[in-house]
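Examination of the molecular architecture
Listed below, chain by chain, are the residues.
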Amino acid sequence: MSQVEQVKCCIENAVKVIRMYDWLLDLYVLDYFVDNHWSKLPESWQQNFIDMDPQHLGQILNGQPTNHIFPLSFLALIKSVNAFNIPRRNNTEITDIQASSFKSIQIIKTSKKNKTMTTPTEIEDIGNDLTTKNDTCGNNPKLKNLFLKHVNLKKRHEISLMAELVHEVASKSDCDTVIDFGSGLGHLVRMLAYKYDLNVAGIEGQSQLIEGARKLDKELEYTASIYLTDEAMAQLRRPNHFNSTLSCHSQLATVGLSNFMSNCGLIGLHPCGDLGPSLIKYFVRYPQAKFVCVVGCCYMKLTCGPNSGYPLSDFVMKLDSHLSYPSREIACHAIEVYCDRLRKGNYEDLKVHAYRAALERILINHNPELKHAQVRSIKHSDKMTFERYCSLALERLNIPLPTSTEIWLRAEEDLQQWRQIVIVYTLRLTLAPLVETVILLDRMLYLIENGASCEIKPVFDPTISPRNHVIIARR
């Protein structure tokens, strides 16, 4: 079986599993009491999970032994998800998916010869490379934290690894120009330009973010000028920022990008919704682009159907491959962090899901038109009563609290089921990696169908950055 055929087989199997469990993926947590979610579980699951400590679920989902005996159908589901999803840890990778050679797909351990990506503990050493002269932004030890100002830990992790990866791909593609889609405040393009000496353009639709990016550029250069010579400052590659919202690839030639149009790479660090697929389509339809690096984000905001964000490939379009909004939404959740909390027994604060579900029943009984109303998001604490939670959550809706004692007594009975709500949510989350796999492999096949070589790498630490896969395609 060729490499591409194996990818297609993986997608087909993943879709079959998803179709079998659409009923589970489509359960909204806030509808738990309204729609009686527990009754929707198979009878053997109801009996098995009813009195189970959620910690046991966390253990099995983390691949750890547990003395709890699970239903065979649930164990089969776990095995299926593990067999067909893309690995999420950066000690494995899917490599060398070549449209031309169709070598066999392998999931291999990263060898010691491979370049080691930056880990979270190494982030503070960014720029402290003393193997070359120090009179540059990237190599002066006194400027090692230059690119980390105003950036939170998650973003530091992402931009450092993404910049390193893009620089590596650009070098292999004999390309020194990069266009970043959805560049925001310019943290990534700033590092690519000043540290890696690439010619970079950032495209961002929000003008206030563009203004903020230019302000941060000036702040960085002011700091750099203290330690670098005038000659070094004059030779800096400065990022370019463009305020534009693109709807088709032809617009690239109309937003002032003429100096970036030949021999360039296209990148996107968590482009939201359809922006990711659009970036991939730009690469396919824009022959001057030599490579594309894109990270998935906000799958629930994808448009679905022909000529949309999903599906992209001809193969997946012919399958019964629809993905509902709830399934795409849960595919964006942080499964590793969540399951680790379960495994350690740190799930008391998840009672807030029960609070919201109990409130939903109250709202619908008050007025059916309030179904899924946008209430205020409240963090739960053990000291917060349900009545206080409702009072805060309903501030925006200007709805008075119930006065019936019967309503409050029923709500208290509902809240006793909070562990069951955690279990149902966890069961849904079990399928999340499979949904993301279908979305990512669909994008990969689309690129291969259009003549590109392609690979998917789990570059980021999923406990820091849950959407951690980068799709890399080259001509």
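Residues numbered from 1 in each chain as written. Predicted model: local features only at pLDDT ≥ 70, side-chain atom pairs only at ≥ 80, totals over all residues. Heavy atoms only, no water.

Here's the deal with the overall build of the chain
For the chain, the helix and strand inventory stands at 18 helices and 9 strands. Look at the contacts in the chain between residues 6 or more apart in sequence, and 72% of them connect residues 24 or more apart. If you sum the accessible surface of the chain, you get close to 22,000 Å²; carbon and sulfur atoms cover 49% of it. (Helix = DSSP H or I, 4+ residues; strand = E, 2+ residues; numbered from the N terminus. Contact = heavy atoms within 4.5 Å. Areas by Shrake-Rupley, 256 points an atom, 1.4 Å probe, with all protein chains shown as cover.)

Re the packing of helix H13 (residues 335-343) against helix H17 (residues 418-430)
Direction vectors running N to C along H13 and H17 enclose 140 degrees, while the axes themselves pass 11 Å from each other. Here H13 is positioned oblique relative to H17, judged by the angle of their axes. Considering how the two elements wind past one another, H13 and H17 form a crossing that is left-handed. The residues of H17 that touch H13, namely those facing Ile335, Tyr338 and Leu342, are Val422, Tyr425, Thr426 and Leu429. Of the residues in the contact of H13 with H17, the class split is 6 nonpolar, 1 polar and no charged. (Axes fitted to C-alpha atoms, helices over the stretch in contact; angles between N-to-C directions. Parallel < 35°, antiparallel > 145°, perpendicular 65-115°, else oblique. Left-handed = near helix turned anticlockwise from the far one by under 90°. Nonpolar A, V, L, I, M, F, W, Y, C, P; charged D, E, K, R; others polar.)

Notes on the nonpolar core
Phe49, Leu266, Phe386 and Tyr389 are the most contacted members of the largest nonpolar core, which has 111 residues in total. Per element, the largest residue contribution to this core is 12 residues, and it comes from helix H18 (residues 432-449). If near-sequence neighbours (up to four positions away) are discounted, Phe49 is found in contact with Trp38, Leu57, Phe70, Phe74, Ile423 and Leu427. Grouped together as the second largest cluster of nonpolar side chains are 39 residues, Cys137, Val169, Leu198 and Val295 included. (Core = buried A, V, L, I, M, F, W, Y, C linked by side-chain atoms within 4.5 Å. Buried < 20%, exposed > 50% of the residue type's maximum accessible area, 1.4 Å probe, protein only.)

Points about helix H7 (residues 187-194)
The buried fraction of H7 is high, at 8 of 8 residues. In this fold, the buried residues of H7 make contact with helix H6 (153-172), strand S3 (177-181), strand S4 (199-204), helix H8 (207-227), strand S5 (240-243) and strand S6 (264-268).

A word on the packing of aromatic side chains
According to the stated counting rule, one finds 16 aromatic pairs in the structure shown. Ring geometry for Tyr355 versus Tyr389: centroids 5.3 Å apart, planes at 80 degrees, classification edge-to-face. Here Tyr355 is found in helix H14 (residues 351-366), whereas its partner Tyr389 is found in helix H15 (residues 386-393), with 34 residues between them in sequence. Here Tyr355 and Tyr389 have matching classes, each one buried. A network of ring pairs unites the aromatic residues Tyr21, Trp23, Trp45, Phe49, Phe70 and Phe74 as a single cluster. A cation sits over an aromatic face here: Lys195 above Tyr196, 5.2 Å from the ring centre. The side chain of Arg475 reaches across the aromatic face of Phe283, ending 4.3 Å from its centre. (Phe/Tyr/Trp six-rings, centres within 6.5 Å; stacked < 30°, edge-to-face > 60°. Lys NZ or Arg CZ within 6 Å of the ring centre and 35° of its normal.)

Regarding the pattern of salt bridges
Tallying each qualifying case throughout the model produces 19 salt bridges. Note that Glu158 and Lys154 form a salt bridge whose closest N and O atoms lie 2.6 Å from each other. Taken together, the positions of Glu158 and Lys154, both in helix H6 and 4 residues apart, correspond to about one turn of that helix. For Glu395, the salt bridge is made with Arg376, and the minimal N-O distance between the two is 2.8 Å. Remark: Arg376 occurs in the loop between H14 and H15 and Glu395 occurs in the loop between H15 and helix H16 (405-415); sequence separation between them is 19 residues. Since its relative accessible area comes to 49%, Glu395 is described here as partly exposed. Salt bridges sharing partners connect three or more residues here, namely Arg88, Glu336, Glu436 and Arg467. (Salt bridge = Lys/Arg side-chain N within 4 Å of Asp/Glu carboxyl O.)

A word on a nonpolar patch on the surface
Side chains of Tyr222, Ile226 and Tyr227 sit close together on the surface and give an oily, nonpolar patch of about 360 Å² of accessible area. Tracing the backbone shows Tyr227 in helix H8. (Patch = residues over 30% accessible without salt bridge, like charges linked within 9 Å, V, L, I, M, F, W, Y side chains within 5 Å.)

Considerations on the packing of helix H1 (residues 3-20) against H18
For any two helices packed against each other, the geometry is given by the interaxial angle and the distance between the axes. Running from N to C, H1 and H18 cross one another at 150 degrees; their axes reach a closest spacing of 10 Å. Classified by the interaxial angle, the pair formed by H1 and H18 is roughly antiparallel. Considering only the axes of H1 and H18, their crossing is left-handed. When H1 is examined against H18, the residues Val4, Val7, Lys8, Cys10, Ile11, Ala14, Val15, Val17 and Ile18 are found in contact with a partner set consisting of Leu434, Val435, Val438, Leu441, Asp442, Met444, Leu445 and Ile448. For the contact of H1 with H18, a count of residues per class yields 15 nonpolar, no polar and 2 charged.

Let's talk about the state of the cysteines
In total, this model carries 0 disulfides according to the counting rule given. Unpaired in terms of disulfides, Cys9 finds its nearest cysteine sulfur in Cys10, a separation of 7.5 Å. A relative accessible area of 29% places Cys9 in the partly exposed class. Its sulfur unpaired, Cys454 is 9.9 Å from the next cysteine sulfur, which belongs to Cys293. Given a relative accessible area of 2%, Cys454 falls into the buried group. (Disulfide = S-S within 2.5 Å.)

Focus on the confidence of the model for the chain
With 87% of its residues at a pLDDT of at least 70, the chain reaches an overall mean of 86. Note on residues 92-133: pLDDT is under 50 here. Beyond four places in sequence and across chains, it has 98 contacts. (pLDDT = per-residue confidence, 0-100.)

A look at the side chain of Asp217
As for its position among the elements, Asp217 is in helix H8. In contact with Asp217, other than residues within four places in its own chain, are Arg190, Tyr194, Pro239 and His241.

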